[in-house]
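Summary of structural features
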Amino acid sequence: MLDRADFIDLIPHAGDMCLLDGVLAWDAASIHAVSTRHGLETHPLRGERGLHAVHLAEYGAQAMAVHGALLAKAQGQTEPKPGMLVSLRGVRLAVDCIDTLAGALDVHATCLIADGAGAQYTFRIAHDGVEIASGRAAVIHPGG
């Protein structure tokens, strides 16, 4: 397992905005990350009513960023590559809020297509073996 310290310097998400705790597995096409940060009172996306499930898309996007960074590192690149999330499609949420869920979230992302200009992924987040969010996301790399 890779813990947060192994990838936090590879992505643009700094400090508390890095929502993932670790990576259980990854390969050329996919990543399986985990997080328990959804329960933190100090979560940067938490509102007055808790942490809405719509923010699970950010967990998926961060898994995409970590996956891309690990692939880039394996190819000898060391600097984070800025990306902008430009599209979410087919997002399905099975819960309203996530801050009350005990234990870890399993965050899966699978690359559909990627090049120097951007990437498209599917993502799926599960809690206790039950899918609570899924969708597709696209990111572009400005100047890429």
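Residues numbered from 1 in each chain as written. Predicted model: local features only at pLDDT ≥ 70, side-chain atom pairs only at ≥ 80, totals over all residues. Heavy atoms only, no water.

Check the secondary structure of the protein and you find one helix and seven strands. Its C-alpha radius of gyration of 14 Å places the protein within 12% of the 15 Å reference for a compact globule of 144 residues. Residue burial in the protein is summarised as follows: out of 144 residues, 41% are buried. Across the protein, contacts joining residues at least 24 apart in sequence account for 61% of those joining residues at least 6 apart. (Helix = DSSP H or I, 4+ residues; strand = E, 2+ residues; numbered from the N terminus. Rg over C-alpha atoms; globule rule 2.2 N^0.38 Å. Buried < 20%, exposed > 50% of the residue type's maximum accessible area, 1.4 Å probe, protein only. Contact = heavy atoms within 4.5 Å.)

This part is about the layout of surface pockets. Picture a little ball the size of a water molecule; that probe, rolled over the atoms, points out where space is still empty. Here the largest pocket defines a volume of roughly 640 Å³. Of all the secondary structure elements, the ones that give two or more residues to the lining of the largest pocket are α1 (56–74), β4 (84–93), β5 (105–115) and β6 (118–127). Considering each element in turn, the lining of the largest pocket owes the most residues, 10 residues, to α1. Considering only residue class, the lining of the largest pocket consists of 17 nonpolar, 10 polar and five charged. (1 Å grid on protein atoms, 1.4 Å probe; cavity = no way out; pocket = protein on both sides within 12 Å on 5 of 7 lines; lining within 4 Å. Points joined across faces, edges and corners; volume = space filled by probe spheres on them. Nonpolar A, V, L, I, M, F, W, Y, C, P; charged D, E, K, R; others polar.)

What follows concerns the pattern of salt bridges. Two side chains of opposite charge can pair, provided their charged atoms sit close to one another. Applying the stated criterion to the full structure yields three salt bridges. Note that Asp21 is salt-bridged to Arg37, the shortest N-O span being 2.8 Å. Pair noted here: Asp21 is in the loop between β1 (2–3) and β2 (22–26) and Arg37 is in the loop between β3 (30–35) and α1, with a separation of 16 residues, a long-range link. By relative accessible area, which is 18% here, Asp21 ends up buried. For Arg46, the salt bridge identified is with Asp99, shortest N-O distance 3.3 Å. Taken as a pair, Arg46 in the loop between β3 and α1 and Asp99 in the loop between β4 and β5 lie far apart in primary sequence, 53 residues in all. Taking relative accessible area as the criterion, Asp99 reaches 15% and is therefore assigned buried. What emerges from the salt-bridge pattern is a single network uniting Glu41, Arg46 and Asp99. (Salt bridge = Lys/Arg side-chain N within 4 Å of Asp/Glu carboxyl O.)

Turning our eyes to something else, we now look at the environment of Ala29. Looking at where Ala29 falls in the secondary structure, it is placed in the loop between β2 and β3. Sequence separation between Ala29 and Ser87 is 58 residues; the distance between their C-alpha atoms is 20 Å. Look past the residues within four positions of Ala29 in its chain and what remains in contact with it is His67, Ala109, Thr110 and Cys111.

Working note: regular strand, side chains alternate between the two faces of the sheet. Pairing between β3 and β5: six bridges, direction antiparallel. Within β5, the residue paired with Ser35 across the bridge is Leu105. Two strands pair when backbone bridges link them, and β5 and β6 are joined in this way by 10 bridges, in the antiparallel orientation. Its bridge partner being in β6, Ile113 is matched across the sheet by Gln120. Taken together, β5 and the strand that follows it, β6, pair antiparallel across an intervening segment of two residues. (Pairing = 2+ DSSP bridges.)

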